[in-house]
Amino acid sequence: MPKIKIPRKSTSIDMTAMCDVAFLLLTFFILATKTKPPEVLSVETPSSVSTRVAPENNVVLISMDKTGRVFFSVSDKNKPEKQAIIEAIDKSRKLGLTAAQKNAFIKDNSFIGVPFSELPAFLSTPPENLKSFKMEGIPVTDTLNNQLLEWMTAAKSAFEGKRMDLLVKGDNNALYPSFQGVINAFKKNDLMKFGMITNPEGIPAGSELAKANYNAAKTAK
């Protein structure tokens, strides 16, 4: 009985449709990706072995760079509180801020790093030009002109009746007089509890903390 030869068919696969789908997905992710805005304020925080994650809501953040400049900001998810803060500052200092200038503080990624005298001009500066704006920081070292005191008073009032997480983000080389001025502004507002933002690192082997964690894990088993 003769053998029947099965005709060989081509094994090639048309990948045109697959390439179209791949390029469509690539185009979608490129257009949908939100790029991180450039950092105007750069702070190199000290390291610690803390594993607690900093909160994202109800945060009032005080930042200090290595030159001693002090900056004030509020978490982006607290826009009503940001509105109340800038309204209080505008009223107490009689700055006459416009609606556009107030919105510049309320928008995402906003911060304050200038004296009250320069606040209107700072809030009128477009975000892309902030790097070229000469910011000397909020005055804190002069006990008679610690302007952070008023920002903290406004923040405390805005968050009245709800939780406010007060955080300090200081550069590893921040100057002590600035830190002392920040603490004085806290004390005068009866804000005695605050957290420090640090750069997390592993627990050193053989340290007391490492031994305690090992014993705790062993007991849990």
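Residues numbered from 1 in each chain as written. Predicted model: local features only at pLDDT ≥ 70, side-chain atom pairs only at ≥ 80, totals over all residues. Heavy atoms only, no water.

Visitor: Which parts of the structure should I look at to understand the overall build of the protein chain?
Guide: Scanning the protein chain from terminus to terminus reveals seven helices and six strands. Walking the protein chain from its N terminus toward its C terminus, one meets helices and strands in the order α-β-β-β-α-α-α-α-β-α-β-β-α. In the protein chain, which comprises 221 residues, the share counted as buried stands at 33%. For the protein chain, restricting intrachain contacts to residue pairs at least 6 apart in sequence, the fraction spanning at least 24 positions comes to 66%. For the protein chain, the accessible surface area stands at approximately 15,100 Å², while carbon and sulfur atoms represent 58% of it. (Helix = DSSP H or I, 4+ residues; strand = E, 2+ residues; numbered from the N terminus. Buried < 20%, exposed > 50% of the residue type's maximum accessible area, 1.4 Å probe, protein only. Contact = heavy atoms within 4.5 Å. Areas by Shrake-Rupley, 256 points an atom, 1.4 Å probe, with all protein chains shown as cover.)

Visitor: Explain the nonpolar core to me, please; I cannot follow it from the model alone.
Guide: A general tendency of soluble globular proteins is for nonpolar side chains to be buried together. Core analysis: the largest hydrophobic core is formed by 40 residues, its most contacted members being Phe72, Leu148, Trp151 and Met152. For this core, the secondary structure elements donating two or more residues are strand 2 (59–64), strand 3 (70–74), helix 2 (79–93), helix 3 (99–106), helix 4 (119–123), helix 5 (148–158), strand 4 (165–170) and helix 6 (176–187). Examining the composition of this core, we find that six residues originate from one element, helix 5, more than from any other. Contacts of Met152, omitting those with residues within four sequence positions, involve Val60, Ile62, Phe72, Leu166, Ala185, Phe186, Asn189 and Leu191. (Core = buried A, V, L, I, M, F, W, Y, C linked by side-chain atoms within 4.5 Å.)

Visitor: Just checking my understanding: could you explain the packing of helix 2 against helix 3 for this structure?
Guide: Helix packing for two helices is described by the angle between their axes and how far apart those axes are. Contact geometry of helix 2 with helix 3 gives a least axis separation of 9 Å together with a crossing angle of 135 degrees. One finds that helix 2 runs oblique with respect to helix 3. Between helix 2 and helix 3 lies a crossing of right-handed hand. Residues Lys79, Lys82, Gln83, Ile85, Ile86, Glu87 and Asp90 of helix 2 lie in contact with helix 3, whose contacting residues are Lys102, Phe105 and Ile106. Residue composition of the contact of helix 2 with helix 3, grouped by class: four nonpolar, one polar and five charged. (Axes fitted to C-alpha atoms, helices over the stretch in contact; angles between N-to-C directions. Parallel < 35°, antiparallel > 145°, perpendicular 65-115°, else oblique. Left-handed = near helix turned anticlockwise from the far one by under 90°. Nonpolar A, V, L, I, M, F, W, Y, C, P; charged D, E, K, R; others polar.)

Visitor: What is the right way to look at the pattern of salt bridges in this model?
Guide: Think of it this way: side chains of opposite charge can pair up when their charged atoms draw near. Throughout the structure, instances matching the rule amount to nine salt bridges. When the shortest N-O distance is used, the salt bridge between Glu81 and Lys162 registers 3.0 Å. Residue Glu81 is located in helix 2, and its partner Lys162 is located in the loop between helix 5 and strand 4; the two are separated by 81 residues in the primary sequence. With relative accessibility at 8%, the residue Glu81 sits in the buried group. On the basis of relative accessible area, Lys162 is assigned to the partly exposed category, the value being 40%. Among the charged side chains, a network of salt bridges with common partners joins Glu87, Asp90 and Lys102. (Salt bridge = Lys/Arg side-chain N within 4 Å of Asp/Glu carboxyl O.)

Visitor: Help me understand the sheet that holds strand 4, please; the structure alone is not making it clear to me.
Guide: In any sheet, the strands associate via hydrogen bonds between backbone groups, in a parallel or an antiparallel arrangement. Within the open sheet, the four strands sit side by side as 3-2-4-5. Their pairing is mixed. Bordering the open sheet on either side are strand 3 and strand 5 (195–196), each of which pairs with just one other strand. Strand direction decides the pairing type here: strand 2 and strand 4, joined by six bridges, are parallel. Bridged to Val60 within strand 4 is Leu166. (Pairing = 2+ DSSP bridges.)

Visitor: Help me understand unusual backbone geometry, please; the structure alone is not making it clear to me.
Guide: Glycine aside, a negative phi is what most residues show, and trans is what most peptide bonds show. The phi dihedral of Lys94 falls on the positive side, at around 55 degrees, and the residue is not glycine. Note on placement: Lys94 falls in the loop between helix 2 and helix 3. Judged by its relative accessible area of 74%, Lys94 is exposed. Located in the positive-phi region is Asn109, a residue other than glycine, with phi close to 60 degrees. When you line up the elements, Asn109 lands in the loop between helix 3 and helix 4.

Nothing here speaks to function; it is all geometry.
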